[in-house]
Amino acid sequence: MSIVTTFTAEPTIFFRREHGQLCQVVRVTLVCQAPLEQATLEVAGPSYRSALEPGHFEHGQHMLDVLVPEVTNETPFQVTLRAKGEQHTTHVIVRPERHWELYLVHHSHLDIGYTDPQPTIIMNHLDYLDQVLALCERTSSWETPFKWTVETTLPLLKWIESRPRRTVARMVEAIQRGQVEVCAGWASLHSEAFEIDELARTFEVVGTLRNRWHIPVKTAIQTDVPGLTEGYLKCLQRLDIRTLSVAHNYAGRSLPARTGQKPDTRLFYWQTQYGQAGTDEPVLVWYTDTPHGVYMEGGFLGFLDKVEAVEKALPERLAQLTSEEYPFCSVHLRVQGSFWDNACPNIRPAQVVHEWNQRWTYPHISIATQQEFFNAVRDEANERIPLFTGDWTDWWADGIGSATRENGMNRQAHYQLKAAESMHTLASLHTSNWEDYPTQQAEHTFQQMALFDEHTWGAANPWDNTLESNTSGDIQWRIKSNMALDAYYSSRYLLHSGLHHLADSLLGDHDAQSGAGSILCFNPTSFEQTSFVEVWLPAAAGIPEPFRLVDSITGESVPFTRVWHRFGGVDLQVDLGEGTDQWHEASDTGARPRGKTFGFVASHVPAHGFKSYLLQPEPVAAPSSSATPVDADVLENAYYRLSFDAQRGTLTSLYDKEAGYECINPDAVFSFGELIYDRYTTAPKFNHLSSRVTGPAAQFIGGRHRITLAKRTGRRDTPLFTELEFTLILEGYNQIIVTVRLYHTQKRVDWIYHLSKIAAPDKEGLYIAFPFAPGLGRPTYEITGSSTSQQTPHVPGSCDYLQAIQHWLALSDGAQTVLWSPLQTPLIEIGSIYTPYNPFEQTTKALEPSTVYSYALNNMWDTNFPYQQGGEITLKYSLTSYAGAFAHERAYQFGASCANPLHSLWDARVVDKASDALIHLDGEAASHVQLVGLRQAKQGGPAIQLRLQEIAGKGGALKLVLPGARFSQAWLADLTGEPLQPLPIEGSTITASITPGTLLTIVAEVV
């Protein structure tokens, strides 16, 4: 009876150098049912023979590694076991194997929250950097020293600010000798939530690290979030960051294979859609994802354990890469210190790697920085790396809809801060007073705004209410939501302050002659605006009534109207009194300033300029009342005729009278402006449930609810616009009030939805349907830093059922174009409503390519994002149309006017000029460039920074003219404001060359 019951030989991926010769390893396995004596092992192949004498084997299973010379093609070998009384033979085919070079990048993924309250997280990461420094110094002489990659700059900057200078100098030394690497990203971001200047601003700290601390920053990491906008890529290019690694966490909310494209290309070049060789070099990207262990892959492969664990797991991982036709030997691997987000540094991976390299020649493993990997793989074969262009649409964008009120307020803060900084900068330019510039307040507001847009919105269990750990959901959401609220109110404060400073710099020193002061309208956008603007007139000014409003340029009277706003579901209206004693609100409680708000259409206000209007105490005839019956379900002006279904509070027709074109689809699945409330069958408060469920749409739709009762509850006819108001009853809501406003002299329609939401943890989603005319085709829309469409090239595996847009969407058949703008909520689904669960199936009976669904709010996530939302939420949408083909310039102009409207201020004084542009954009590129940021330059004093975005894919020369300013020097800068090359200046004019799609930063010093 044979003692050996099993005898096999298998090829491996391992190499070992023996006596100067590189050999491949064959693994022999034998199972003995009793001790085996006098054993010898012989390996024979073409022109090769070797023998081993292991001698004795105990009872049980044994594995031996035998060496054969490295082969260049498939080679058969025979392995023979001889022992006392028996002989066994097996055969093995040894194939050529790669000389794998693995680069193990040790980092900690920064979730600002999730595992602990946000302040605790930041303090932990500062402690981690202390430990990193200690480990680097302790192991600097080791053969395999500890190395660390700082994933994001936010904790590093706070660490530098909070540590002694000598300690910082030691960290800089560790960085410069290559043990610590710093990546460019400020944090892991929902980049689609960011406005482009806000996003660019997060990278400005790179300049501080590079220039003040001499810290090289050459690469970037994005972790967790499965997608990035094209604007993020532009920021990397402007910083000369040429490499990026991403680790996409599907979390059940992602299905790249759904797109039909190949999502498993691990290495590729990423280029913008307008990228040009020489000016916009593509970024080399390494991509890993959930099936490969995401950013914890090193732990799954055994690097937190022991060499034997790595030996067992690594071959399968490399076989997977081979099956994906990955062509290179160099492989990027990430490892964290534990299986947690926000993990602490760990010396164990370095120890395992040291032991591994003592045992094996290949695969060779290095504890490495990320850039070491990219340098190696780029040297292998550049021409074999594919190139992808366009947006990399985020699968997690639906999380933005889990806090619609806070996100809407933060979106408004984006533009309030932008306008405020522009006003303060222009005021400083006019007065040469830079001491009053609100540097600290603006930076605080930006930080709060960006922290809210960062990707961690709450605890792992957001419904729990402990003090610490990943169950501190209530505390974490209080902190997170306060970031948006603080940004909103702080930016409002700065905007109000900026208006006063700018007005003071423009207005004369004398009061209005025989008048009641003037109204100054400021346009913060790069396009001339004619739009409705509101102005508050304080009761203390004693402005007599009646008065008339006069255009300072034409001398003509301008119609105006009283304005009311809805607060807490109640209209706060101001009585129109006959004298100053009547200047109070009807519901005045003394808790608000006394005064009145008026609205009028300010016409032809210059881009980045102002226009003034005069108040004169002269009677004017009362406006004639509308001849339209007050119960008519129609709104009509010279441009549009809107017909309504009063039973649903929706449109049945939106007819463009100028173009002779019906803009909407009256036969669509849902009516134009209709609300749809879906409730799902999945249970709330089960962590990561959405990661684990999949199935057809019918399995998940527990109920689809439409308006059960609608009533027209108001109509307002004013000299400037007419409004219809509908009160709606919908499942999940106390009440919904919809106001549709049609302006008399503007080609624009506004929808305002006032939602009174019942807070509930039940899984739910709210959609608003906007079915446009089917002949208009599929939409094009603005994203962060660019524009795109479903037909435009994207990075393979991009999310295809859900998009997050900025401020405009366009549909056009070449002869007619419709423009649509959402203000507070960016999420859209095109053609259908899709189930929010894998595989994200269509739920409507028809796919309508020209129908846009605003995905207004949801609570689909079972971790990280708020689990319920309620209270008062306001959503605003606007629309215009024109005869002609789609033009980027007109789309951006409309989106900018909706998001960043005119601002106005009354003052007792009058301005010396009736109207003026405070910044001129001239030259062939002027029509397709927008100024997205204007602020005091970071060096302080009399210097400004301008951020410019080319919006139409066209190049050309651009002249920036700031009347009255004189520049001593100006230069094209990188994204951080650091000079790259001087720019020609002549007095108040700066000349720059614009390339298609560029994001440009210019810094200028003022005399």
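Calculation rules
- Residues numbered from 1 in each chain as written.
- Predicted model: local features only at pLDDT ≥ 70, side-chain atom pairs only at ≥ 80, totals over all residues.
- Heavy atoms only, no water.
- Pairing = 2+ DSSP bridges.
- Helix = DSSP H or I, 4+ residues; strand = E, 2+ residues; numbered from the N terminus.
- Axes fitted to C-alpha atoms, helices over the stretch in contact; angles between N-to-C directions.
- Disulfide = S-S within 2.5 Å.
- Buried < 20%, exposed > 50% of the residue type's maximum accessible area, 1.4 Å probe, protein only.
- Salt bridge = Lys/Arg side-chain N within 4 Å of Asp/Glu carboxyl O.
- Phe/Tyr/Trp six-rings, centres within 6.5 Å; stacked < 30°, edge-to-face > 60°.
- Lys NZ or Arg CZ within 6 Å of the ring centre and 35° of its normal.
- Core = buried A, V, L, I, M, F, W, Y, C linked by side-chain atoms within 4.5 Å.

With an unreviewed UniProt entry as reference, the protein is termed Alpha-mannosidase, source organism Reticulibacter mediterranei.

Caption draft 1: The sheet that holds strand S1 (residues 4-18), seen in detail. Pairing is antiparallel in the open sheet, where three strands are placed in the order S1-S2-S5. The outermost strands of the open sheet, each flanked by one partner alone, are S1 and strand S5 (60-69). Going from strand to strand, the sheet's axes swing by 20° on average, the running direction of each strand aside. Bridging between S1 and strand S2 (residues 21-32) involves 11 bridges; their strand directions are antiparallel. When the sheet's bridge partners are listed, Arg-17 is paired in S2 with Leu-22.

Caption draft 2: Inspection of the state of the cysteines at higher detail. Enumeration over the complete set of coordinates arrives at zero disulfides. Cysteine Cys-521 is unpaired, with the sulfur of Cys-898 as its nearest cysteine sulfur at 17 Å. Residue classification places Cys-521 among the buried residues on the basis of a relative accessible area of 0%. This cysteine, Cys-898, is not joined by any disulfide, and Cys-663 carries the nearest cysteine sulfur, 15 Å off.

Caption draft 3: Examining the pattern of salt bridges more closely. Here the structure, examined in full by the defined rule, presents 50 salt bridges. The salt bridge partner of Arg-266 is Asp-289, with a shortest N-O separation of 3.4 Å. Of this pair, Arg-266 sits in the loop between strand S12 (243-248) and strand S13 (267-271) while Asp-289 sits in strand S14 (residues 283-289); the two residues are 23 residues apart in sequence, bridging distant segments of the chain. Residue Arg-266 shares its accessibility class with Asp-289, and that shared class is buried. Notably, a salt bridge pairs Arg-704 with Asp-678, separated by 2.7 Å at the nearest N-O pair. Of this pair, Arg-704 sits in strand S33 (residues 701-705) while Asp-678 sits in strand S32 (residues 675-680), and the two are 26 residues apart along the sequence. On the basis of relative accessible area, Arg-704 is assigned to the partly exposed category, the value being 27%. Classification of Asp-678 by relative accessible area gives buried; the value is 1%.

Caption draft 4: Inspection of the packing of aromatic side chains at higher detail. Taken as a whole and judged by the stated rule, the model has 50 aromatic pairs. Plain terms: the ring middles of Phe-670 and Tyr-853 are 6.2 Å apart, the flat faces sit at 85° to each other, and that makes the pair edge-to-face. Residue Phe-670 is found in the loop between strand S31 (661-662) and S32, and its partner Tyr-853 is found in strand S45 (residues 851-858); the two are separated by 183 residues along the sequence. On the basis of relative accessibility, which here comes to 0%, the residue Tyr-853 falls in the buried class. In this structure an aromatic cluster arises from ring pairing among Phe-672, Trp-751, Tyr-753, Phe-770, Phe-772, Trp-820 and Tyr-877. The positively charged end of Arg-741 is found above the aromatic ring belonging to Phe-721, 3.8 Å away from the centroid.

Caption draft 5: Region of interest: the nonpolar core. Judged by nonpolar contacts, the single largest core of 166 residues is most densely connected at Leu-244, Leu-267, Phe-303 and Tyr-326. With nine residues, helix H13 (residues 473-506) is the single largest residue contributor to this core.

Caption draft 6: Broad picture of unusual backbone geometry. Note the cis peptide between Tyr-362 and Pro-363, where omega equals -10°. Across the junction of Asn-838 and Pro-839, the peptide omega takes the value 10°, indicating a cis bond. The phi dihedral of Asp-240 is positive, around 60°, even though this residue is not glycine. Along the chain, Asp-240 turns up in the loop between helix H6 (230-238) and S12. Phi at Ser-432 is positive, roughly 60°, even though this residue is not glycine. Inspection of the secondary structure puts Ser-432 in the loop between helix H11 (404-431) and helix H12 (439-453). Exposure remark for Ser-432: the relative accessible area of 58% places this residue in the exposed category.

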